[in-house]
Amino acid sequence: MSHISQTNSGRGAYALRTLVVYGVITALVLIAIRPVANGIGHLSHRGHLHGFDGHLFAGLSLAIKIHIVAAVTALGLGGALMIIRKGRIFHRTAGWVWVSLVTVVAGSSLFIRGLNGGNLSVLHLITGWVLIISPIAVLAAKRHQVVRHRRAMMGLFFGGFFFNAFVAFIPGRTMWQLFLG
């Protein structure tokens with residue numbers, strides 16, 4: 001890692017911005033799921049862990065299949081990228097693959113509209129955020145702006161995947177049904 005990535009300058013402001021962004025995203029998700037909150041509570045009591053439901057997966061639309069496969073692949077690769085040494089050829093190559101996968105995940109989500117009666121939902125704001133931040137993060141890396149690149153990529157990884165994984169596993173949604181329903 002470079003010396004720049006080890007500095008502490010601006011961490012307080014960054015932490016506050018991060019807290020505000022995650023607070024806004026949490027509020028948007030709560031607004032989005034409010035109409036179905038009672039059903040979620042009922043389904044959560046009936047859930048049990050089971051193997052992957054291949055029959056259910058086979059019946060999903062192409063957009064959802066692409067979304068799930070790209071998301072799971074990006075989650076695994078993103079985890080590996082968090083662990084490995086940065087700046088090496090593997091990091092750069094795998095980073096390009098990861099950004100491509102993230103773009104596929106975001107792009108395919110535009111065709112998934114079951115949550116809001118066929119329309120875009122509040123959750124699609126995250127899609128817009130991903131499609132804006134991804135090229136900014138790549139550009140930061142190209143310009144050797146290590147801190148900006150790291151923050152953007154970590155925000156995409158943790159905000160874009162862990163937060164969305166939480167939303168995806170809300171009882172009654174497809175991922176819930178594939179593994180727990």
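Note that the structure is predicted; figures quoted are calculated from it, not measured.

### Quick notes on the overall build of the protein
Helix and strand counts for the protein come out as eight helices and zero strands. Helices and strands in the protein line up, N terminus first, as α-α-α-α-α-α-α-α. Out of the 181 residues belonging to the protein, those deemed buried represent 32%. Considering only intrachain contacts with a sequence separation of at least 6, the fraction spanning at least 24 residues in the protein is 71%. As displayed, the protein offers around 11100 Å² of accessible surface, 70% of which is attributable to carbon and sulfur atoms.

### Concerning helix α6 (residues 124-142)
Along an α-helix, a turn takes 3.6 residues, which lines up residues three or four apart on a common side. Over its 19 residues, α6 extends 28 Å from the first C-alpha to the last, a length consistent with the 27 Å expected when each residue adds 1.5 Å. Along α6, the residues classified as buried are His124, Ile126, Thr127, Val130, Ile133, Ser134, Ala137, Val138 and Ala140. Among the residues trailing α6, His144 stands out with phi positive, at a value near 60°.

### Topic: the packing of aromatic side chains
All told, the structure shown has five aromatic pairs when counted by the stated rule. Plain terms: the ring middles of Phe52 and Phe179 are 5.5 Å apart, the flat faces sit at 50° to each other, and that makes the pair tilted. Taken together, the residues span a long stretch of sequence, with Phe52 in the loop between α2 (37-46) and α3 (54-58) and Phe179 in helix α8 (residues 174-179) at a distance of 127 residues. Feature note: the residues Phe52, Phe57, Phe169 and Phe179 constitute an aromatic cluster, connected by ring pairs.

### Points about the nonpolar core
The nonpolar side chains of a soluble globular protein tend to be buried with one another. Core analysis: the biggest nonpolar cluster contains 29 residues, and Trp98, Met153 and Phe161 have the highest contact counts within it. Only α1 (11-33), α4 (62-83), α5 (89-109), α6 and α7 (146-168) provide two or more residues apiece to this core. Those residues in contact with Trp98, other than ones at most four positions away along the chain, are Ala74, Leu77, Gly78, Leu81, Met153, Leu156, Phe157 and Phe161.

### Observations concerning the packing of α4 against α5
Geometry of a packed helix pair, given as the angle between the helix axes and the separation of the axes. Following both chains from N to C, one finds α4 and α5 inclined at 150°, their axes separated by 8 Å at the closest point. It follows that α4 is roughly antiparallel to α5 by the angle criterion. Crossing of α4 over α5 shows left-handed handedness. Along its contact with α4, which presents Ala63, Ile66, His67, Ala70, Ala71, Thr73, Ala74, Leu77, Gly78 and Leu81, the element α5 presents His91, Ala94, Gly95, Val97, Trp98, Leu101, Val102, Val104, Val105, Ser108 and Ser109. In the contact of α4 with α5, the residues fall into 14 nonpolar, seven polar and no charged.

Calculation notes
- Residues numbered from 1 in each chain as written.
- Predicted model: local features only at pLDDT ≥ 70, side-chain atom pairs only at ≥ 80, totals over all residues.
- Heavy atoms only, no water.
- Helix = DSSP H or I, 4+ residues; strand = E, 2+ residues; numbered from the N terminus.
- Buried < 20%, exposed > 50% of the residue type's maximum accessible area, 1.4 Å probe, protein only.
- Contact = heavy atoms within 4.5 Å.
- Areas by Shrake-Rupley, 256 points an atom, 1.4 Å probe, with all protein chains shown as cover.
- Expected span 1.5 Å × (residues − 1).
- Phe/Tyr/Trp six-rings, centres within 6.5 Å; stacked < 30°, edge-to-face > 60°.
- Core = buried A, V, L, I, M, F, W, Y, C linked by side-chain atoms within 4.5 Å.
- Axes fitted to C-alpha atoms, helices over the stretch in contact; angles between N-to-C directions.
- Parallel < 35°, antiparallel > 145°, perpendicular 65-115°, else oblique.
- Left-handed = near helix turned anticlockwise from the far one by under 90°.
- Nonpolar A, V, L, I, M, F, W, Y, C, P; charged D, E, K, R; others polar.

Nothing here speaks to function; it is all geometry.
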